[in-house]
Amino acid sequence: MSVPKLEQLSKSVVQGPTLATGAIPTMDWMDIPVVFKPGNYAYPAKKEKVEYLDSLSGLSFPNAREWSPEDDDWKLPEDWKDIIIKGLSDRLDKFRSLKIFMDCCVRCGACADKCHFFLGTGDPKNMPVLRAELLRSVYRNEFTLAGKILGKMAGAREMTVSVLKEWFMYSYQCTECRRCSVFCPYGIDTAEITMMLRELLHLVGVGINWILEPVSNSNRTGNHMGLQPHTFKDNVEFLVDDVEGLTGIRPNVSFNRKGAEILFVTPSADVFAEPGLYTAMGYMILFDAIGLDYTWSTYASEGGNFGLFTNNETMKKLNAKMYAEAERLGVKYIIGGECGHMWRVVHQYMDSMNGPADFLEVPVSPITGTVFENTASTKMVHISEFTADLIKHGKLKFDKSRNSHVKATWHDSCNTARAMGLIEEPRYILDHVVDWVEMPENTIREQTFCCGSGTGLNTDEIMELRMRAGLPRANAVKYVHDKHLVNMLACVCAIDRATLTSLMNYWNPGVEVCGLTELVANALVREGENRPELPEGLRTMLF
Amino acid sequence: MKYAFSFLAVIALVLIAWLGSQIPGMPYLFGVALPYLALMIFLGGFVYRVVHWAKTPVPFSIQTTCGQGKSLDFIKHSKLEAPNTTAEVVARMFLEIVCFRSLFRNTKSEIHDGPHITYESSKWLWVFSLIFHYSFLVVVIRHLRLFLDPVPACIGWIEYLDGLFQVGAPTWYMTDIGLLAGVALLFGRRLITRHVRFISLVNDYFPLVLIFTIALTGILMRYFLRTDIDIVNVKQLTVGLATFSPVIGAEIGSIFYIHIFLVCILLAYFPFSKLMHSGGVFMSPTRNMKNNTRAVRHINPWNPRILPHSYAGYEDDFREYMVEAGLPVEKELPPKKDEE
């Protein structure tokens, strides 16, 4: 899909007749139908991917077929409505969050302009409150007395095909970033609503390919990219070669090694594509410098978990590989690389779903002896926690001037900030390795803005939507780019590294994106090294 | 239209109480039967709803962290924003429920040419909400005077503080003004703020109009129509209600029946409406859970048994490639048959 020119979109977001810019729709939102056209929806999942997922034990992905959102007929099963209502009823009995969030909203509107999708599109149904009302209206109709008696008067409406289409449209215009839940007086979390909507849609075979294909790849090959074991190993070894070429020291890596002390899991994008590659090189340099006894796994070669964007069963099935592999290899604990949603799963779901990991030990840094008490049960440490601890104990020596080509700013990833509270560790690390500045205060820490393409929306066919949704983040970067000549947006998220790169290229050319560990490795001074001058750090092209 | 309907509904209710209470014998319906019925619906409905929520499991620990979680010793933990202990959760919830902390954070975004997005602190909703809720709370507490005999001293203190400025005769209570103003401000905001107006339902306007009218009739009784009602009879009735021996003496006055009828409607409406946020706010998983999930396992009572694609299956799928690439395998390749 072609993306509008920058000037065009810049005008459109400010002057377009949207609710965000001051135009008030004349129709009630319930009367505005959704219209699918090229560019405003992500492609539906391919039939064979859905069939494959449906064939897996523990998962159910019915109604595999060829279909298009633009068609009137979505080829839903005949009893689709019963399936949806029954599905909603089941989930109301399983998730207290859903019940409370259905019942408690007072429509105060505090969440409305907190959503990056609303700010970028101005579409009223992208206000978190209205996104939830899409579901709440059906909930009222089926499950509340007032809704049953008073109908539309009480904000209730029938479940119809057009409501279903609306759910599809708007549950895939939410990145489950949870910014709205910070501002909601009752903590209503739109991520929960979106997750439920997506679960319900999968019950009738409505899902997108950009999510379900990585999910099926992950299941079979171990990672989103579908890299088979030998290819994964090759990719990592290319990076080993690059590191040797750049720094003069060949980092020691191993794969599927039994008896290693630590299993290292990171998103596969880090070994596959720029700029994540440099972050992966950073991990190797860091671990090699401290002599860490760790192994990569080709079987559990994906930290990311697109199951989180699908349904809780799929999330569990994919996540289970980490513990299974840790147990098989007999490691003591796991270190996790830089990823946002992976860390939401690890921090808030993994132990409940696939624990207890009693075959692992409470993580202890072999270098500093620090016991990571905060991970006593999960036994999985975030790379930034691990690195910050190394720095605190003086185990790493840095030369900040090796990052002198970088003026960085820090992007808090939604999940690590709002679903984990990992906020200060990265800043502590940044202070030691690079010259950096903060973006404006309403756009960082717990108020950070999403890249606009999370939850499996980083697909090219919806590029305009992504550029719109990423505008609040891009705009905050632009501010420090203009004011402080920032040229690097650092983060701890693999999706960010991919999507922010597109976003910066569009809105703020001249700003690159990197992982935190890349900056760490850039500045790291190793004993006995014979490192050439690297004017652009690990990105330096050597001939 | 939605707000207009709310007005119509409340006007209809007022007429019902006004006309109805004039029919001989009906005061007992409005003064005794309906209050008991409404109270039963309120208590029963409220408890039912809370139990209904409480019975539903919380499968995952989905706290929203609004600050630094507890991790390393030298990283300053934000105890209120990412609580790690029960005491810290209680403190977070206390500030949320008593001070409306999340609303205090509210910002207003604007998009300017450039594009250039700005965010500024916006405390109006927070202020309006505080005025409304606290005025309502004090008004309700003051009303206990009517149901208790003797009247506890603390109610006298509250009344004294509430009327501290001693304006007018009888002295105007600040919270009477506060309640009317709070409702009016929230209502006005709903009409004027464009996005809030767009999302508002009848369910949002109706309770505001209803509470406004309740406050208005109360104020009329206390300050302007004092001669129309007999306060001694009112107290006799209300104390009687509280002691399950209600008596309606001489005529009390229609305005009183309108007031009490609207209160009954509010009570009966409460458990079926968004007003249940008063119970739900205590139980929201994003706010009332600890952020210690990597340290202490949270149990999902319905955790389904789902196994990953097994390593053995994975190796079977790729063994040949793995051996060729020098990756360790659990099961070696079958020996090659000699070619002949």
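Cut-offs and rules
Here, residues in each chain are numbered from 1, in the same order as that chain's written sequence. The lettering of chains begins at A and the numbering of ligands begins at 1, in the order of writing. Where local features are concerned, this predicted model is filtered to residues with pLDDT of at least 70; where side-chain atom pairs are given and counted, the filter is 80 or more; whole-chain, interface and lining totals use all residues. Starting at the N terminus, helices and strands are each numbered in turn, a helix being any DSSP run of H or I of at least four residues and a strand any DSSP run of E of at least two. The globule rule used for comparison is 2.2 Å times the number of residues to the exponent 0.38, while the radius of gyration itself is calculated over C-alpha atoms. Buried, partly exposed and exposed are defined by the number of other C-beta atoms within 10 Å of a residue's own C-beta, namely 20 or more, between the two limits, and 12 or fewer respectively, with C-beta atoms placed from the backbone. By the convention adopted here, residues are in contact when the distance between their C-beta atoms, placed from the backbone, does not exceed 7 Å. Strands pair, by our definition, only if DSSP identifies at least two bridges between them. By convention, orient the strands away from the viewer: a clockwise path from the first strand over the helix to the second makes the crossover right-handed. Ten residues, namely Ala, Val, Leu, Ile, Met, Phe, Trp, Tyr, Cys and Pro, are considered nonpolar, four, namely Asp, Glu, Lys and Arg, are considered charged, and the remaining ones, Gly among them, are considered polar. Where each domain begins and ends is defined by an automated method or by a domain database. Note on terminology: a nonpolar core is a set of buried residues of type Ala, Val, Leu, Ile, Met, Phe, Trp, Tyr or Cys, with members joined through C-beta atoms within 7 Å. Each axis is a line fitted through C-alpha atoms, taken for helices only over the stretch in contact, and angles between the N-to-C directions span 0 to 180 degrees. Angles below 35 degrees are treated as roughly parallel, those above 145 as roughly antiparallel, those between 65 and 115 as roughly perpendicular, and all remaining angles as oblique. Here a crossing is taken to be left-handed if its near helix is turned anticlockwise relative to the far helix by less than a right angle, and right-handed if that turn runs clockwise. By definition, pLDDT measures how confident the predictor is in each residue, and it falls between 0 and 100.

What follows concerns the overall build of chain A. Each helix and strand in chain A was counted, giving 22 helices and 10 strands. Here the C-alpha atoms of chain A give a radius of gyration of 23 Å, agreeing with the 24 Å that 2.2 N^0.38 yields for 543 residues. With the principal axes as the frame, chain A shows a C-alpha extent of 80 × 50 × 40 Å. For chain A, with 543 residues in total, the buried portion stands at 65%.

To continue, consider the overall build of chain B. A count of helices and strands for chain B gives 14 helices and two strands. Relative to its length of 340 residues, chain B is extended, with a C-alpha radius of gyration of 30 Å against a globular reference of 20 Å. Principal axes of the C-alpha set define a box for chain B whose edges measure 120 × 50 × 45 Å. The 340 residues of chain B split such that 36% are buried. Summarising the internal contacts of chain B: among those between residues at least 6 apart in sequence, 63% fall at separations of at least 24.

It is a general feature of regular strands that their side chains alternate between the two faces of the sheet. Residue and element names in this part refer to chain A. Side chains Glu512 and Cys514 of strand β9 (residues 512-515) all project onto a buried face; the interleaved residues Val513 and Gly515 project onto the opposite face, where all are buried too. Sheet analysis places strand β8 (residues 488-491) next to β9, joined by four bridges and oriented parallel. In the sheet register, Cys491 faces β9, and the bridge partner there is Gly515. Assessed by its sense of winding, the connection that carries the chain from β8 through helix α21 (residues 494-507) to β9 is right-handed.

This part is about the interface of chain A and chain B. The partner chain B presents 87 residues to the 102 residues of chain A that form the contact. Counting residues per element, the side of chain A that touches chain B draws most heavily on helix α14 (residues 312-329) of chain A, which supplies eight residues. Looking at the side of chain A that touches chain B, its residues break down into 47 nonpolar, 26 polar and 29 charged.

As assigned here, chain B comprises domain 1 (2-288) and domain 2 (307-334). A separation of 65 Å is found between the C-alpha centroids of domain 1 of chain B and domain 2 of chain B.

This part covers the pairing of strand β3 (residues 333-336) of chain A. Residue and element names in this part refer to chain A. Going residue by residue along β3, you find Tyr333 and Ile335 tucked away on one face and Ile334 and Gly336 tucked away on the opposite face as well. Examined bridge by bridge, strand β1 (residues 262-265) and β3 share four bridges and lie parallel to one another. When the sheet's bridge partners are listed, Val265 is paired in β3 with Gly336. Strand direction decides the pairing type here: β3 and strand β4 (residues 380-382), joined by three bridges, are parallel.

Another aspect to go through is the sheet that holds β8 of chain A. Here four strands make up an open sheet; going across it, the order is β7-β6-β8-β9 (chain A) and the pairing parallel. Two strands bound the open sheet, and with one partner strand each, they are β7 (436-437) and β9 of chain A.

Glancing now at the nonpolar core. Ranked by size, the top nonpolar core spans 243 residues in total, and within it Ile262, Met281, Ala408, Ala490 and Leu519 of chain A together with Phe261 of chain B carry the most contacts. Residues contacting Met281 of chain A, with those up to four places away along its chain left out, are Leu239, Asp242, Val243, Ala521 and Leu538 of chain A.

Another aspect to go through is the domain arrangement of chain A. Residue and element names in this part refer to chain A. Annotation of chain A at the domain level lists domain 1 (6-207) and domain 2 (214-539). Using C-alpha coordinates to define each centre, domain 1 is positioned 31 Å away from domain 2. Contacts between the two partners involve 30 residues from domain 1 and, on the opposite side, 32 residues from domain 2. The greatest single-element share of the side of domain 1 that touches domain 2, amounting to five residues, is contributed by helix α5 (residues 116-121).

Residues and elements named next belong to chain B. As a packed pair, helix α1 (residues 2-20) and helix α9 (residues 202-224) sit with axes 8 Å apart at the nearest point and diverge in direction by 40°. On the basis of the axis angle, α1 is oblique to α9. α1 and α9 meet at a crossing whose hand is right-handed. Across from Lys2, Tyr3, Phe5, Ser6, Phe7, Ala9, Val10 and Val14 in α1, the residues of α9 making contact are Val202, Tyr205, Phe206, Val209, Leu210 and Thr213. Taken together, the residues of the contact of α1 with α9 break down into 11 nonpolar, two polar and one charged.

This paragraph deals with the confidence of the model for chain B. When pLDDT is averaged along chain B, the result is 92, and 99% of the positions lie at 70 or above. Scoring of the predicted complex yields 0.95 for pTM and 0.93 for ipTM.

Pairing within the open sheet is parallel, and its four strands lie in the order β2-β1-β3-β4 (chain A). The sheet is open, and its two borders are formed by β2 (294-295) and β4 of chain A, each paired with just one other strand.

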